[in-house]
Structures are given as structure tokens and as C-alpha cells.
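Coordinate analysis (summary)
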Amino acid sequence: MFLSMNWIEDFVDLSGLDKMDLISRFSLSTAEVENDIYEMGKDLEGVVVAEILSVEEHPESKKLHLLKVDIGEAEPTDVVCGAPNVRVGMKTAFAKLGARLGDITIAPRKLAGYPSNGMCCSEKEIGISDDNDGIMDIKEDVKNGTDIKELYAIDDIVFEVDNKSLTNRPDLWGHYGIAREFAALAGRPLKPLDTVDLKQYENLPKVDMKIEDPLCQRYSCLQIENVQRSKSPMNMRIRLYYCGMRAINFLADLTNYLMLEMGQPMHAFDSRKVEKIRVKRFAEPFKFTTLDGVERNIDENTLMICDDNTPVAIAGIMGGLDSEIVDDTTALTLESATFDAVSIRKSTARLAHRTDASMRYEKALDPEMTVTAIARFMRLLTEADADVKVISSLTDEYVKHYDTVVLDFDKKFIDRYTGIEISNETIVKTLESLGFGVKLDGDNFSVTVPSWRATKDVTIKADIVEEITRVYGYDNFAVHTSVAPLYPVRPATEKTVEDQMKDILVKTFALHEVHSYIWAYYDEYKALGMEIEDNIKLVNATNPNIETIRKSIVPTQLCQVKTNASYKPSFGMFEIGRVVEGLREDGLCNEHKKLCITLFSKNKASMEVLYKELRDMLATLAADIKHKTLEYKAIEATHSYEHPRNLNAILCDGKVLGEIGIVHPTVSKNIDKKAMIVFAELDVQAFAEIEDGSIVYAEPSKFPGMEIDLSFVSETFAPIGKAIEDLHCELLKDVAVADTYRDENGKSITVRMTFAHPERTLKREEVTAVTDALIAALAKENIVLKAQ
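Residues numbered from 1 in each chain as written. Predicted model: local features only at pLDDT ≥ 70, side-chain atom pairs only at ≥ 80, totals over all residues. Heavy atoms only, no water.

1. Topic: helix H13 (residues 493-508)
Over its 16 residues, H13 extends 22 Å from the first C-alpha to the last, a length consistent with the 22 Å expected when each residue adds 1.5 Å. Turning to H13, its buried residues number three or more, namely Val497, Glu498, Met501, Ile504 and Leu505. All buried residues of H13 project into a common sector of 135° when viewed along the axis, lining one side. The inward-facing, buried residues of H13 abut strand S28 (570-583), strand S29 (589-601), helix H16 (607-626) and helix H18 (684-688). Directly beyond the C-terminal end of H13, a positive phi value near 55° is found at Ala510. (Helix = DSSP H or I, 4+ residues; strand = E, 2+ residues; numbered from the N terminus. Expected span 1.5 Å × (residues − 1). Buried < 20%, exposed > 50% of the residue type's maximum accessible area, 1.4 Å probe, protein only. Arc of directions from axis to C-beta. Contact = heavy atoms within 4.5 Å.)

Pasting the structure below:
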């Protein structure tokens, strides 16, 4: 938002102060000011008021005119001009010889064979508007040769405030609110707004107006006729232009001017087209054409301003084309209202149309401003067009009143928060300068929050501390070490587990940690041949690419693999992020935190090697963090990115933690035709909730042990492992898979069993009895020793 220092100085006397320093202090205390500060008019010199004495057609050009102009000197000045609106007696802006217009310096020259000793200027050429249709037409009765800067407020300092820093400050969306801040920073009084007393119209009939929906908090209106002026005063147009708005016509400009001055959007309806104002929503959707000529779809949730049952404006967003103010409008119905902030924000999202008015309404404006804005409008209107006539009394319906906020605290509270000594006098002066009501009883304060800060901004005592300290100046705080008790905080189990997972995956396996957003990106999924699964969607999403929230991190990570596939032949990545799996019974999102790991390789020996590498990573996580072993169980693929066969559930203590699998061939091919890709996804909370396994320490035997290798024909180790457990053999100290082998007879698994006795050397017969029992038990399961 652009702000004019001239405009601010209408409400606070800043004479004798360094304006640039004040802007810097404003940036530190109130809202972030962008880097560029514009000194308007600085590059404009030598432009004066000139009167056209004669106009002759150029003998060799249909567009050029030969003029003689009076610029306040002894002799008229000859100039060649191509503007279509030149006429005798017209006063315009004239750049004399030596004048400077930005980077241009005016010098004598010949145009089409005739001397031209200066230039008649348009408003755009001297930088005060975007009107370049003709030379400037000066209506004021002013002496020829008068410097244009003496006639109009062209010299100004304009700075831009980052809108994001004003989100919680609805009072700062107009120059008057900004002036209040400058007054507090400068220690100068804030001037009251010059308004018209609306009580003088109480005997006139009221406007036929009714609020039929509580989304309208307050609606104030007034009817006016005999408006003769169609073009705004020059200084008004200059301010609008400097603040980024285009001049339209007098009434439209005046409502925009009030919005920029007070932060209160207003709308003027042509009274010929609006008679009975009704504020309501409609039961059925319909189409509506707004002022910009766009036909928009209005649904049953959008609040409308209507002429009885005919919509004439989208409340808080934009007026309708059929009721707009035009050049011949002489009677208007003036609207000043406040609407529910959430409703306006949702409507702008649905319509994909945000305006200067809606941006302000979204911030929860103060309903107390509506009548003041009308009174201020009438003051500016009557100053510019004295013959206007008010034909109605102020009609005002006030539906929602915000509660008065009163905050009580003592001096110790302020001292404790700030850590410095700020006197009671300074506290009172600061708060009163910002519009707060303050009652002081000893060291006890009772502060009444003004209405323009009470809609959502200042609600707790800590907010008062912020108001005091920011005006006092954070740079005025003495730097010292605060004394405060520090208590150890035990981190949550889930957070500890997350940190351990990250350390292992990075330090042990050299994986790359990545971060992503929670969206299921439609375009990226489609490019890889993955479906967007039905899930929670963002209501009124303006971009369908980020409409659906993801159910799994795996597709997101596969998109990231695609992006990085050309940089390295093999790599692994992981992320601990959030997914949503529908809604819970209470209507809230069923949110889970997942660990996702993806391995990509174009140089591994086989997919099996890569798959087992990922399996070993998971096993290490379980062993190092929970001191447990994992189990795997084949499951059916249910997602488009999963291989139809090579997919397993990950279990620990019988609890399903996630899944490990190979990427579907189609998806893998779309990523890289030569690559192998495997993935795993674990529920972090479920993993964290697993009870830690006990660590048993045993003294190693002093006597030699025995290792026996047995090769069984089996596709999986699980039945072999169970049979070994069922032996309950105290001599068996360790079991490991030593090797796997596949030939035409099937797959064989070599199991290495280590036996030992703590007090003596084992005999071969003791070990043979155990292995024979194992072989017999497995034979019943049709698992036999591999033939040599």
C-alpha cells in the first residue's frame, strides 16, 4: 500500500521533523516499509501556468498547431503543439526552456520547420496522473507564469508499506490510521477529521433500507442529489495517482479517496437505479456482471446488496455494472458498511476476485467508522461541489456491536515483560496518543481499547505491552542479560524418535533429507502416471493443482526423485512429514506423521539387492531405537504407484507400522527407464509407541562354541525362524541368515546357528540332537534340506 506524507500531514503537524527518519521509525515500530521511498516532484522543474493566446493550424501537418502562449513574461512564447484539445484562452502546464521533466531537459528546437520554445504538457508528462489524451486543462483562475508546484501539491514523499505487516491492523489501511501512528512517534497531537454534522438531516425521510442477513454487521446510507461536478479536483487526483489508483469520475474518485484516507470502503449507487436497499443472500446460484464487465457466478453463500430483489453489488467486493456511477449521474445513494470478515474472504476466494475494498473488509473493520466516513464524505463533497443537496436522513442499521475491551494490569506487569523501567507518565502518554482510554490508580492501570483496535487486534494484556514498547522504541532498550529460571524439559517420545531416525539415516546410510508441502500435485502425479486419490480437498481452491491433500508421502517423493534423477546414478532420500487419511469422527482431519524413504539406483546389481538394502535400513532403525526386530507380510497393492506383487507390510510386535515395496513399472519407467526404485513408509507415531525392548547382557562363554550351517529349501525365512524359536534351546546363542541361493529347484536359505555352553565344551551329540529336531519339525512343513 502506497502512502503520501502530504496526506498524513493533513492530520498531524510534522513541521521541523526529519520525514525520512520518521518513516524509518514507523518501519521499526509499526509496519514494514519497502526499500524504495519516492520523492515525487523532485525531478520536475520550470513548469508554469501558461495561457494560450492564439492557435493556428500548421500549414504542412494535420495534427500540429502553432501556438502563442503567455507564460508571464513580456513577450508571448512560440510553441508547436500536437495536442487535440488546444483552444484559445485555455490555461495549461508549460515547460519553459531549461525546464526538467524527469530525465528530459527542454531546449529550443524546430518542429516541422517552426520554432518551438518550450512544451505544453499533459498530466502524465509532468507525472501527476496517467492522463495523456491532451495537454493539461487548468481551471483555476491563477496568474500566468505561476509555478505549477505552487498551484498543486506535486512535491510529496511517497512510501510503500508491506500489506502482510498490516494483516492484524485494520486501522492502518487508511492514511488517518497511519497519521495516528506518526503522531504517537513524533509526540504531536492528532487532528480530528473535519466532518459534517449529519444531525442536521434528521428531519428528512429515511432511505428504504433493510439488513436481511447477519453477515452484514452495519449498513449506513444517505441520499444526495444535484451533484454537478464530474471531474475531481486536481489535488485529489494527484493523491489518488501517487497511491496507485486511477481517476474515474468525481463520485467514484471520492469514494476511493475516503477508502485511502480512512480505510473505510464506500460505494455510490446511481439513485435512478437503486430505490429499495436490501442486504441478503439468495437461495439459488445466479450470474452477475460486476463493474469491470466480468460475468461472475454467485452462489448461495455470497452476500449481495440488492434493489429490492435485484442484485446491484457484491457486498464488500465490487458493485454491479447496471448501477454504476456514470458521468451524467447527479443523484446518488451513498453506502458505508461493514461485513463479516470471514464471509468476505471466502467470497473473494470463490470468485477469485480480490479488490482494494475486499482486502480491507477481510481485516475486520471497525463498524463505528461507517457514519464518520459518510460525514467526512459530505465535507469533501460540499467543499468541491457546494450546490449538492441531501434528500434523506442518515439511515443506519447496526446489527453487530463488538464488545468493549478493558484490560487491567499493574506497573510490575509492564516491568516484568519489558525488563526495563518505563515511567507511568510515559505509559499513559503513549497509550493515549494511540487512542486508548487510560485510568491510573497508583501503579494500577485500567485501559479501554478503542473500537478500531478491538475487532481482533488488542485482546490481552501482552498486546498493551507491545503497544508501549514499540512506540518507546525497541532500539532504546538497554542491552543486558535477563535473569529467569530455566527448567529442563523432557522432549516428547515421538520427537526423540524422529531425531534418532534422522541421525541414523543421515550418518549411517548417507541419505538426503528433503521437505515438501502436503498437497497432492495433480500435474506432477499425472506426468508420472499416478492417480490423485480421493481425499480431503481445499474448499474454493483457486489452483486445482493444489486442491487435494495427500494420503501418502511416497508419490510426493517419487516426484522429487524424478526432479533429481539426472544428477546422480544412485541416491536415497527421506522425509518425515504429514499426511491426512480422511476425517475423524469429530470432523477433524485424520492426520498422521510418516517417515518415507526412497532409494533410486541405476548401478545396483539387481532390484533384490536394492530392496534388501532398504530392508536393512528399517531393521537398523528398529534395532537401534527400539531394540526390536521387524517382520514382513505380503499384502496386495492398493495404490497406483505400488508394484502389484512386490509389496510387504512392516510389522513389529504384531503391529502394522507401514509398508515396503517396489515402484510400479509404469511409474518407474516415467521416472527413468533404466532405474530401480524402492520405497518404504512408516507411521512415526505408531513406531514411537512400540515398547522398547529390554537389553540383556550375558557373559560370553569361556569355552569354544560351535557353528552349524543348514540350507533349507524355502521362499521365506519366517517358518524357519518360528521353528527355531519353538525349540526353546538354551544352548542356541545366535541365529543368522548366512546366504540365499536360487536355482532351477527353487530358493534355498542358509541358516547359521551358533551354540555355546557357559561352563563346558559342547559335545557334537548335543548339537546334533537340536539340529535333527529342527529338520524334523520343518519337514512337517514341507521344508527340507537342500540336496548337495
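2. A closer look at the environment of Met369
Along the chain, Met369 turns up in helix H9 (residues 369-384). Along the sequence, Met369 and Pro644 sit 275 residues apart, while their C-alpha atoms lie 65 Å from each other.

3. A look at the sheet that holds strand S2 (residues 33-40)
One open sheet accounts for 3 strands, arranged S1-S11-S2; its pairing is antiparallel. Single-partner strands in this sheet number two, and they are strand S1 (2-4) and S2. For this sheet the average axis-to-axis angle between neighbouring strands, irrespective of direction, equals 25°. Direction of pairing for S2 relative to strand S11 (residues 156-161): antiparallel, over a ladder of 5 bridges. Within S11, the residue paired with Glu39 across the bridge is Ile157. (Pairing = 2+ DSSP bridges. Axes fitted to C-alpha atoms, helices over the stretch in contact; angles between N-to-C directions.)

4. Considering the packing of helix H2 (residues 19-29) against helix H4 (residues 175-186)
Where H2 meets H4, the closest approach of the two axes is 10 Å, and the angle between their N-to-C directions is 105°. Our classification of the angle between H2 and H4 gives roughly perpendicular. Seen from H2, the contacting residues are Leu22, Ile23, Arg25, Phe26 and Ser29; seen from H4, they are Ile178, Glu181, Phe182, Leu185 and Ala186. Counted by class, the contact of H2 with H4 contains 7 nonpolar, 1 polar and 2 charged residues. (Parallel < 35°, antiparallel > 145°, perpendicular 65-115°, else oblique. Nonpolar A, V, L, I, M, F, W, Y, C, P; charged D, E, K, R; others polar.)

5. Here's the deal with the state of the cysteines
For the coordinates displayed, the defined rule picks out 0 disulfides. No disulfide involves Cys216; its nearest neighbouring cysteine sulfur is the one of Cys221, lying 10 Å away. Given the relative accessible area of 0%, Cys216 is considered buried. (Disulfide = S-S within 2.5 Å.)

6. Describing the pairing of strand S36 (residues 746-755)
For S36, a buried count of 8 out of 10 residues is recorded, marking the element as mostly surrounded by other parts of the structure. Strand direction decides the pairing type here: strand S34 (residues 706-713) and S36, joined by 8 bridges, are antiparallel. Among the inter-strand pairings, Phe712 is bridged to a residue of S36, identified as Ile749. As defined by bridge partners, strand S35 (residues 732-743) adjoins S36 across 10 bridges and the pair is classed as antiparallel. Across the sheet, residue Ala736 finds its bridge partner in S36, namely Arg752. The antiparallel pairing of S35 with S36 creates a hairpin that spans 2 residues between the two strands.

7. Digging into unusual backbone geometry
Residues other than glycine seldom take positive phi values, yet Asn226 does so here, at roughly 60°. Turning to its location among the elements, Asn226 is positioned in the loop between strand S13 (216-225) and helix H5 (234-242). In this structure Asn226 comes out as partly exposed when scored by relative accessible area, which is 32%. Positive phi is not limited to glycine here, since Asp308 has a value of about 65°. Positionally, Asp308 belongs in the loop between strand S18 (304-307) and strand S19 (310-314).

8. Here's the deal with the packing of aromatic side chains
Applying the stated rule across the entire model yields 16 aromatic pairs. Seen from their ring centres, Tyr241 and Tyr242 are 6.5 Å apart, and the 45° between their planes marks the pair as tilted. Taking the relative accessible area as the measure of exposure, Tyr242 reaches 6% and is therefore buried. A centroid spacing of 5.1 Å and a plane angle of 70° characterise the contact between Phe282 and Phe286, whose relative ring orientation is edge-to-face. Its relative accessible area of 19% is what places Phe282 among the buried residues. Judged by relative accessible area, Phe286 falls into the partly exposed class, the value being 21%. The residue whose ring lies beneath Arg180 is Trp452, and the NZ or CZ to ring-centre distance is 4.1 Å. Directly above the aromatic system of Phe250 lies the positively charged group of Arg229, at a separation of 6.0 Å from the ring centroid. (Phe/Tyr/Trp six-rings, centres within 6.5 Å; stacked < 30°, edge-to-face > 60°. Lys NZ or Arg CZ within 6 Å of the ring centre and 35° of its normal.)

9. Things to note about the environment of Ile106
Of note, Ile106 is situated in the loop between strand S7 (104-105) and strand S8 (109-111). The class for Ile106 is buried, based on a relative accessible area of 10%. Residues Ile106 and Lys63, 43 residues apart in the sequence, show an inter-C-alpha distance of 21 Å. If we ignore the near neighbours within four places in the chain, the residues touching Ile106 are Ala95, Lys96, Leu97, Gly98, Ala99, Leu101, Gly118 and Met119.

10. Considering the pairing of S13
Counting buried positions along S13 yields 9 of 10 residues, so the element is predominantly enclosed. Direction of pairing for S13 relative to strand S21 (residues 332-339): antiparallel, over a ladder of 8 bridges. Looking at the pairing, Cys221 lines up with Glu335 of S21. In this structure, S13 lies alongside strand S23 (residues 395-398), joined through 4 bridges in antiparallel fashion. From the neighbouring strand, Cys221 faces S23, where its bridge partner is Thr395. Pairing of S13 with strand S22 (residues 389-390), which is carried by 2 bridges, proceeds in the antiparallel orientation. Each residue of the ladder has a partner; that of Ile224, found in S22, is Val390.

11. Re the side chain of Asn256
Within the element layout of this structure, Asn256 appears in helix H6 (residues 250-262). A relative accessible area of 17% means that Asn256 is categorised as buried. Those residues in contact with Asn256 that lie beyond four places of it in its chain are Leu240, Met245 and Ile248.

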